[in-house]
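Inside the fold
Chain by chain, the residues run as shown.
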Amino acid sequence: MNSEKLDQLYTYVQERCLWQFGSRTWDRQESIDGVLGTASDLLTGKPPTLETPQQRLFYADAKALVADFKARFPWISDAGPAQVRELIDGLKAKLVDITITNSRNGELNHSLY
Amino acid sequence: MPMVLLECDKDIPERERHIYLKVDGEDTRDFLPISNAPTIPGTLSERGCSFCGAKLVIGGVLKDTIQMIHGPIGCAYDTWHTKRYPTDNGHFNLKYVWSTDMKESHIVFGGEKRLEKSMHEAFDEMPDIKRMIVYTTCPTALIGDDIRAVAKRVMADRPDVDIFTCECPGFAGVSQSKGHHVLNIGWVNEKVGTVEPEITSKYTINFIGDYNIGGDTQLLQKYWDKLGIQVIAHFTGNANYDDLRGMHRAQLNVVNCARSAGYIANELKKRYGIPRLDIDSWGFNYMAEGIRKVCTFFGIEEKGEALIAEEYAKWKPQLDWYKERLKGTKMAIWTGGPRLWHWTKSVEDDLGVQVVAMSSKFGHQEDFEKVIARGQSGTYYIDDGNELEFFEIIGLVKPDVIFTGPRVGELVKKLHIPYINGHAYHNGPYMGFEGFVNLARDMYNAVHNPLLSLAAIDIRGGAAATSQEAAE
């Protein structure tokens, strides 16, 4: 995997996207999986799943993200499906690490909101 | 660079865990300020109380609701008129204030009878008003007055009224934040789902965490109207009590202030399956992104693009005029919590302003994760800052302008540093496209005000010595 490209995407998402900072661990995991999964579909030409309101929201966030990626990182439009999936998987792992696994936020695992 | 122990904090070294200076190569896995924690003895906190978080921030915004404050008169006065949230019905919420005016005898013998009498009196005096929120305060909570039982009795006597009780005395939590929480959860437990709203559009949202400061809600409402989107409830800017009882019928929750109202958005998702979209409503780029996302959710992207193009054509030239003159300005943000992360990148991207220090009164670690991810290296991130720390930080970062509240604002004015009211705005609204131009104008007028340099000149001459002698 091209770590420089992955770092570009990661830095951008950290700085820009509120969906990674949900209140609890499960909110963060759901958003990271949902938005980036949909972004991967969009970047690889697969039609997004839009059956539930939550899936439509993932699509709304992912569409904005993909547009920003393409505008800021033109190389992503030339990446093949395998490379896109690899980058998005790497991005997911990095976001889970900073926002969940190694987050210092002491409120992430409260059972109640 | 890890956490910072300021010189002024040498006798309260625990403060080191609350102040962070970001440097390149670090992130929130390495350091994250302690926050939403009790104020350390010895520090002069700028925080408000938990009752204030419920009443002043959220409940008191409602435009058709009596805010009955069960406590001494000061609890009412100090949470009234210190925020500017107008309404489209003549500012009912700003004109009136209600209190049971508890005195020593009521504390000794109990205040429930006095509360009941006050509630009836308020409804009798305002026969058109049928909604009320009753708040406990520190003394009435301590003596155990049962405000829920009193509210039930009043509702039984008056079948046409509805009353919500908020049991959040000032001491309930470490700051205003607890009051946000209690009101959010209480409302969704007791009131959401008790009114069926009239649905007038295929597209429905709740707009959560916007309190119509300086007219924010009313400005954003123009956008929703143009897009054909029905806002079932604004939580709680320019809102009616019953609007908020119908929140369960929206298709999407759009959240601006995640700190004061993220709780109800989470609960609406959990209980009613309504997804939560977090957006930033301050700043051109952010506002456009928020509109795009809402429109994508509903499949009305063309309408969104048309609105954005129209607003950009109207306001972007003005924004750019200010950007040209504000570029390189050093700004400090000392507000409640979320405005730190809402503003730091928007002023940087849209106005070329550099945010050099940020302090939060009641933010949680989630807020610090967001702001440290967005903010610059070389910037200080402070939880629950005190006045001495502010002085020291000012010396370290030398801001050109500080966005904060009027009390801290008066402090920094004495140092000849201009301040902008970061809570209630100088000349709002600040949200949306037009609003961000207002923010830019206020910042420009503050930073370039010629009085600023004149104020530093002592023109008293010999009179100065006379005054000093008189003072001695």
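Calculation rules
- Residues numbered from 1 in each chain as written.
- Chains lettered and ligands numbered in written order.
- Predicted model: local features only at pLDDT ≥ 70, side-chain atom pairs only at ≥ 80, totals over all residues.
- Helix = DSSP H or I, 4+ residues; strand = E, 2+ residues; numbered from the N terminus.
- Rg over C-alpha atoms; globule rule 2.2 N^0.38 Å.
- Buried ≥ 20, exposed ≤ 12 C-beta atoms within 10 Å, placed from the backbone.
- Contact = placed C-beta atoms within 7 Å.
- Nonpolar A, V, L, I, M, F, W, Y, C, P; charged D, E, K, R; others polar.
- Pairing = 2+ DSSP bridges.
- Axes fitted to C-alpha atoms, helices over the stretch in contact; angles between N-to-C directions.
- Parallel < 35°, antiparallel > 145°, perpendicular 65-115°, else oblique.
- Left-handed = near helix turned anticlockwise from the far one by under 90°.
- Arc of directions from axis to C-beta.

Some words on the overall build of chain B
For chain B, the count of helices and strands is 20 helices and 14 strands. Relative to a compact globule of 472 residues, whose C-alpha radius of gyration would be 23 Å, chain B shows 23 Å and is just as compact. In chain B, which comprises 472 residues, the share counted as buried stands at 56%. Within chain B, counting contacts between residues at least 6 apart in sequence, those at least 24 apart form 71% of the total.

A look at the interface of chain A and chain B
Chain A puts 23 residues into the contact, and the matching count from chain B is 26 residues. Here the residues of the side of chain A that touches chain B sort into 10 nonpolar, 7 polar and 6 charged.

Observations concerning the pairing of strand S2 (residues 65–70) of chain B
All names here are of chain B. Burial of S2 is extensive: 6 of the 6 residues sit out of reach of the surface. Because side chains alternate across S2, one face comprises the buried residues Thr65, Gln67 and Ile69, and the other comprises Ile66, Met68 and His70, equally buried. By the bridge criterion, 6 bridges tie S2 to strand S4 (residues 131–136) in an arrangement that is parallel. When the bridges of S4 are listed, Gln67 appears paired with Ile133.

Remarks on the packing of helix H2 (residues 25–43) of chain A against helix H3 (residues 53–72) of chain A
All names here are of chain A. At a minimum axis distance of 8 Å, the contact between H2 and H3 shows a crossing angle of 55°. In terms of orientation, H2 and H3 fall into the oblique class. Here the hand of the crossing between H2 and H3 comes out right-handed. Across the interface between the two elements, Gly34, Val35, Thr38, Ala39, Leu42 and Leu43 of H2 pack against Phe58, Tyr59, Asp61, Ala62, Lys63, Leu65 and Val66 of H3.

A word on unusual backbone geometry
All names here are of chain B. Of note, the bond from Phe235 into Thr236 is cis; its omega dihedral lies within 30 degrees of zero at 0°. Note that Thr236 resides in strand S7 (residues 229–236). In this chain, Gly428 is followed by Pro429 through a cis amide linkage whose omega measures 0°. Mapping Pro429 onto the fold places it in the loop between strand S14 (419–421) and helix H18 (432–447).

What about helix H7 (residues 147–157) of chain B?
All names here are of chain B. By the burial criterion, the buried members of H7 are Ile147, Val150, Ala151 and Val154. For H7, the buried positions fall inside an angular range of 100° around the axis, keeping them on one side. Those residues of H7 that are exposed and angled more than 90 degrees off the buried face are Ala149 and Ala156. Looking at the packing, one finds that the buried side of H7 touches S2, helix H5 (112–125), S4 and strand S5 (162–166).

Focus on the sheet that holds strand S8 (residues 252–255) of chain B
Residue and element names in this part refer to chain B. On the basis of which strands lie adjacent, the open sheet formed by 4 strands has the order S7-S6-S8-S9 and parallel pairing. Unpaired on one side and paired on the other, S7 and strand S9 (276–278) mark the two borders of the sheet. Each adjacent strand pair in this sheet contributes to an overall mean axis angle of 25°, direction not counted. Pairing between S8 and S9: 3 bridges, direction parallel. Opposite Val254, over in S9, you have Leu277 as the bridge partner.

Section: the environment of Lys323 of chain B
All names here are of chain B. Relative to the elements of secondary structure, Lys323 occurs in helix H13 (residues 301–326). Classification of Lys323 as partly exposed rests on a count of 18 C-beta atoms within 10 Å. Excluding residues within four positions of it along the chain, Lys323 makes contact with Asp350, Leu351 and Gly352.

Brief notes about the packing of helix H1 (residues 50–58) of chain B against helix H8 (residues 176–190) of chain B
All names here are of chain B. The interhelical angle for the contact between H1 and H8, taken along N-to-C directions, is 65°, at an axis separation of 5 Å. Here H1 and H8 pass one another in a crossing that is right-handed. Here Ser50, Phe51, Cys52, Gly53, Ala54, Val57 and Ile58 of H1 come into contact with H8, specifically with Gln176, Ser177, Lys178, Gly179, His180, Val182 and Leu183. Partitioning the contact of H1 with H8 into residue classes produces 7 nonpolar, 6 polar and 1 charged.

As for the sheet that holds strand S1 (residues 19–21) of chain B
All names here are of chain B. With mixed pairing, the 6 strands of this open sheet are ordered in space as S1-S12-S11-S10-S13-S14. With one partner strand each, in any of the chains shown, S1 and S14 form the two edges of the open sheet. For this sheet the average axis-to-axis angle between neighbouring strands, irrespective of direction, equals 15°. With 3 bridges connecting them, strand S10 (residues 330–335) and strand S13 (residues 401–404) associate as parallel partners. Bridging across to S13, Met331 finds its partner in Val401. Lying over the sheet, helix H14 (residues 338–351) contacts S10 and strand S11 (354–360), oriented at roughly 175° with respect to S11.

By themselves these figures say nothing about function.
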